Amino acid sequence: MAKPVSIEVWNPNGKYRVVSTKSMPGTRWINLLVQQDCRVEICTEKKTILSVEDIIALIGTKCDGVIGQLTEDWGETLFSALSKAGGKAFSNMAVGYNNVDVEAATKYGVAVGNTPGVLTETTAELAASLSLAASRRIVEADGFMRAGLYDGWLPHLFVGNLLKGQTVGVIGAGRIGSAYARMMIEGFKMNLIYYDLYQATRLEKFVTAYGQFLKASGEEPVTWRRASSMDEVLQQADVISLHPILDKTTYHLINKERLSKMKKEAILINCSRGPVVDEEALVEHLKQNPMFRVGLDVFEDEPYMKPGLADMKNAIVVPHIASASKWTREGMATLAALNVLGKIKGYPTWSNPNQVEAFLDENSPPPAASPSIVNAKALGLPVSKL
Ligand SMILES: NC(=O)C1=CN([C@@H]2O[C@H](COP(=O)(O)OP(=O)(O)OC[C@H]3O[C@@H](n4cnc5c(N)ncnc54)[C@H](O)[C@@H]3O)[C@@H](O)[C@H]2O)C=CC1
Ligand SMILES: O=C(O)C(=O)CO
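Note that the structure is a prediction, hence the values are computed from the model and not measured.

Here's the deal with the overall build of the protein
For step 1, the next point in the chain: Of the regular secondary structure elements, the protein holds 14 helices and 13 strands.
For step 2, the next point in the chain: In summary, the protein has a C-alpha radius of gyration of 23 Å against a globular reference of 21 Å for 386 residues, a match within 12%.
For step 3, the next point in the chain: By its C-alpha atoms, the protein is 70 × 45 × 40 Å across when sized along the principal axes.
For step 4, the next point in the chain: Every one of the 386 residues in the protein was classed for burial, and the buried ones make up 51%.
For step 5, the next point in the chain: At a minimum sequence separation of 6, the contacts of the protein that also span at least 24 residues come to 67%.
For step 6, the next point in the chain: Accessible area of the protein: about 18,500 Å², with a carbon and sulfur share of 55%.
For step 7, the next point in the chain: Taking the average place of the 41 positive charges on the side chains of the protein and the average place of its 41 negative ones, the gap between the two points comes to 4 Å.

If you want it as structure tokens, here you go:
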């Protein structure tokens, strides 16, 4: 028998029971559910990561839908429990859903939502921040100041790299990877080399147009190249940022062998998922190559770091905060709630999950659709004509 879990309840007499495994920013998501006759239960347990048992206790015997978090293990056990409780909808409050067994959800007829689009720029901004912090050694320099070690300007003090004219490499040039590339190219006049399974046509057009603009103003134009292998990116780029999804093909994409192909003074940024990088190999590489720098938002065994990483001066580490802007986190909560609500109400799914702005406008009611259901096709869900 699972132990009871503490909760906060909104609209106790609502017809549909929707559970959120965590408190989420903003109140719009709660209001939208309450207005549509949902009883909203928010887990208020103190512990950060809920276990499968905790979530089974939350689901209980009657539950129409759950909004969950990327730290939770949504596999066969939870989808079976949700289905037994009459639930047909689950949404991650995240765009990445490597914590979700979509096949198992589909087997139990449960729709799986995610929250694309609303976090693209925010996440890209953090990747850009880490790129700047690593190239200009900002965290090291901050520590130096606070330690009282600064005793005057010196020609060699914390000399870093100029980004202008260098090459930025992007692995996974989807929504976030492309936004990051645009920031680094427009902001710092870097050249682009990227690797993706698909052509990033829009990004290529942007770099071409910006290059023409610079040339017309008498400046060196920026250039782009789509690499035919990932190794080309690793060998040629000065700053490399990882933005693929995490799946079997991207697990340990960056390993000992690939690290050795990178320039000795390269900068590696990871705001995708920790297991994309073999973190033990990375620690060793950082030890052997003091001029190699890394900016990490995600870790292989979150919330832990591999032994030795915290001691490395050439590593900047932040606790998975890439999507942590107020607008984005409130938007993620809204999209996740609307994914669940849409399925409960029998709405169709939105036709383009890359364009979810219509759901985020606080001044008008959202469309009657689920913004992004990743197994919509497998479940045969209708597509919105709006
Ligand atoms: N650190 C954080 O807080 C955040 C992390 N993320 C992570 O970023 C990921 C990407 O998000 P979006 O850009 O919105 O997704 P997206 O689907 O638009 O982009 C992912 C790109 O990776 C490419 N890709 C897939 N397999 C690949 C491979 N083997 N090699 C190279 N490229 C490959 C895809 O073709 C696609 O273009 C999410 O899945 C999530 O894991 C997303 C938001 C915040
Ligand atoms: O959305 C995601 O995938 C995250 O990692 C958190 O923003």
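A word on the sheet that holds strand S6 (residues 111-113)
For step 1, the next point in the chain: Across the sheet, six strands lie side by side as S1-S3-S2-S4-S5-S6; this open sheet has mixed pairing. Where the open sheet ends on each side, the last strands, each with one partner, are strand S1 (7-10) and S6. Pairs of neighbouring strands in the sheet enclose a mean axial angle of 20 degrees, with direction left out of account.
For step 2, the next point in the chain: Across five bridges, the pairing between strand S2 (residues 16-20) and strand S3 (residues 38-43) is parallel. Its bridge partner lying in S3, Tyr-16 is registered against Cys-38.
For step 3, the next point in the chain: Sheet contacts for helix H12 (residues 326-345): S2, S3, strand S4 (65-68), strand S5 (89-92) and S6; angle to S5, the most-contacted strand, approximately 165 degrees.

Things to note about the site of ligand 2
For step 1, the next point in the chain: If you check the shell around ligand 2, you find Leu-70, Ala-94, Val-95, Gly-96, Leu-119, Arg-273, His-320, Ser-323 and Met-332 and nothing else.
For step 2, the next point in the chain: Between ligand 2 and the protein, one listed contact pairs an oxygen atom with a side-chain N or O atom of Arg-273 at 2.7 Å.
For step 3, the next point in the chain: The separation between an oxygen atom of ligand 2 and a polar side-chain atom of His-320 is 2.8 Å.
For step 4, the next point in the chain: Protein chains bury 90% of the 230 Å² of accessible surface belonging to ligand 2 in isolation.
For step 5, the next point in the chain: Tallied by class, residues from the shell around ligand 2 come to five nonpolar, three polar and one charged.

Quick notes on the packing of helix H5 (residues 120-135) against helix H7 (residues 175-188)
For step 1, the next point in the chain: One can describe the packing of H5 onto H7 by two numbers: an axis separation of 8 Å at closest approach and a directional angle of 50 degrees. Overall, the two elements H5 and H7 adopt an arrangement that is oblique. The two elements H5 and H7 cross, and the hand of that crossing is right-handed. Taken together, the residues of H7 that come into contact with H5 (itself represented by Thr-120, Glu-121, Thr-123, Ala-124, Glu-125, Ala-127, Ala-128, Ser-131 and Leu-132) are Arg-175, Ile-176, Ala-179, Tyr-180, Arg-182, Met-183, Met-184 and Phe-188.
For step 2, the next point in the chain: Counted by class, the contact of H5 with H7 contains ten nonpolar, three polar and four charged residues.

Some points on the site of ligand 1
For step 1, the next point in the chain: The local shell around ligand 1 holds 25 residues, among which Arg-175, Ile-176, Asp-196, Cys-271 and Asp-297 are the closest.
For step 2, the next point in the chain: In this structure, an oxygen atom belonging to ligand 1 sits 2.9 Å away from a side-chain N or O atom of Arg-175.
For step 3, the next point in the chain: One of the side-chain N or O atoms of Thr-249 is found 3.2 Å from a nitrogen atom in ligand 1.

Remarks on the nonpolar core
For step 1, the next point in the chain: Core analysis: the largest hydrophobic core is formed by 63 residues, its most contacted members being Trp-29, Leu-33, Ile-67, Tyr-180, Ile-185 and Leu-192.
For step 2, the next point in the chain: In terms of residues, this core owes the most to one element, H12, which gives nine residues.
For step 3, the next point in the chain: Shared between two domains, this core holds at least three residues of each, these being domain 1 (7-114 + 347-384) and domain 2 (120-317).
For step 4, the next point in the chain: If sequence neighbours within four positions are ignored, Leu-33 has contacts with Val-18, Cys-38, Val-40, Ile-67, Ala-337 and Leu-341.

Topic: the domain arrangement of the protein
For step 1, the next point in the chain: Its domain assignment divides the protein into domain 1 (7-114 + 347-384) and domain 2 (120-317).
For step 2, the next point in the chain: Every contact between the two is made by six residues of domain 1 and, on the other side, four residues of domain 2.
For step 3, the next point in the chain: Surface buried jointly by domain 1 and domain 2 totals about 480 Å² across both partners, of which 48% is contributed by carbon and sulfur atoms.
For step 4, the next point in the chain: Contact with domain 2 buries area across many residues of domain 1, yet Val-95, Asn-98 and Asn-354 alone supply 68% of it, more than any other trio.

What about the packing of aromatic side chains?
For step 1, the next point in the chain: Summed over the entire model, instances satisfying the criterion amount to seven aromatic pairs.
For step 2, the next point in the chain: Ring centres of Phe-206 and Tyr-210 lie 6.2 Å apart, and the angle between their planes is 20 degrees; this geometry places the pair in the stacked category. Taken together, the positions of Phe-206 and Tyr-210, both in helix H8 (residues 201-216) and four residues apart, correspond to about one turn of that helix.
For step 3, the next point in the chain: Since its relative accessible area comes to 24%, Phe-206 is described here as partly exposed.
For step 4, the next point in the chain: Measuring from ring centre to ring centre gives 6.2 Å for Tyr-210 and Phe-213, while their planes differ by 15 degrees; the resulting arrangement is stacked. Of the two residues, Tyr-210 and Phe-213 both sit in helix H8, three residues apart, roughly one turn of that helix.

Rules behind the numbers
- Residues numbered from 1 in each chain as written.
- Chains lettered and ligands numbered in written order.
- Predicted model: local features only at pLDDT ≥ 70, side-chain atom pairs only at ≥ 80, totals over all residues.
- Heavy atoms only, no water.
- Helix = DSSP H or I, 4+ residues; strand = E, 2+ residues; numbered from the N terminus.
- Rg over C-alpha atoms; globule rule 2.2 N^0.38 Å.
- Buried < 20%, exposed > 50% of the residue type's maximum accessible area, 1.4 Å probe, protein only.
- Contact = heavy atoms within 4.5 Å.
- Areas by Shrake-Rupley, 256 points an atom, 1.4 Å probe, with all protein chains shown as cover.
- Lys, Arg positive; Asp, Glu negative; His and termini not counted.
- Charge placed at Lys NZ, Arg CZ, Asp CG, Glu CD.
- Pairing = 2+ DSSP bridges.
- Axes fitted to C-alpha atoms, helices over the stretch in contact; angles between N-to-C directions.
- Near = heavy atom within 4 Å.
- Polar contact = N/O pair within 3.5 Å; in protein donor to acceptor, adjacent residues only side chain to side chain.
- Nonpolar A, V, L, I, M, F, W, Y, C, P; charged D, E, K, R; others polar.
- Parallel < 35°, antiparallel > 145°, perpendicular 65-115°, else oblique.
- Left-handed = near helix turned anticlockwise from the far one by under 90°.
- Core = buried A, V, L, I, M, F, W, Y, C linked by side-chain atoms within 4.5 Å.
- Domains from an automatic or database assignment.
- Buried area = accessible area lost by both parts, 1.4 Å probe.
- Phe/Tyr/Trp six-rings, centres within 6.5 Å; stacked < 30°, edge-to-face > 60°.

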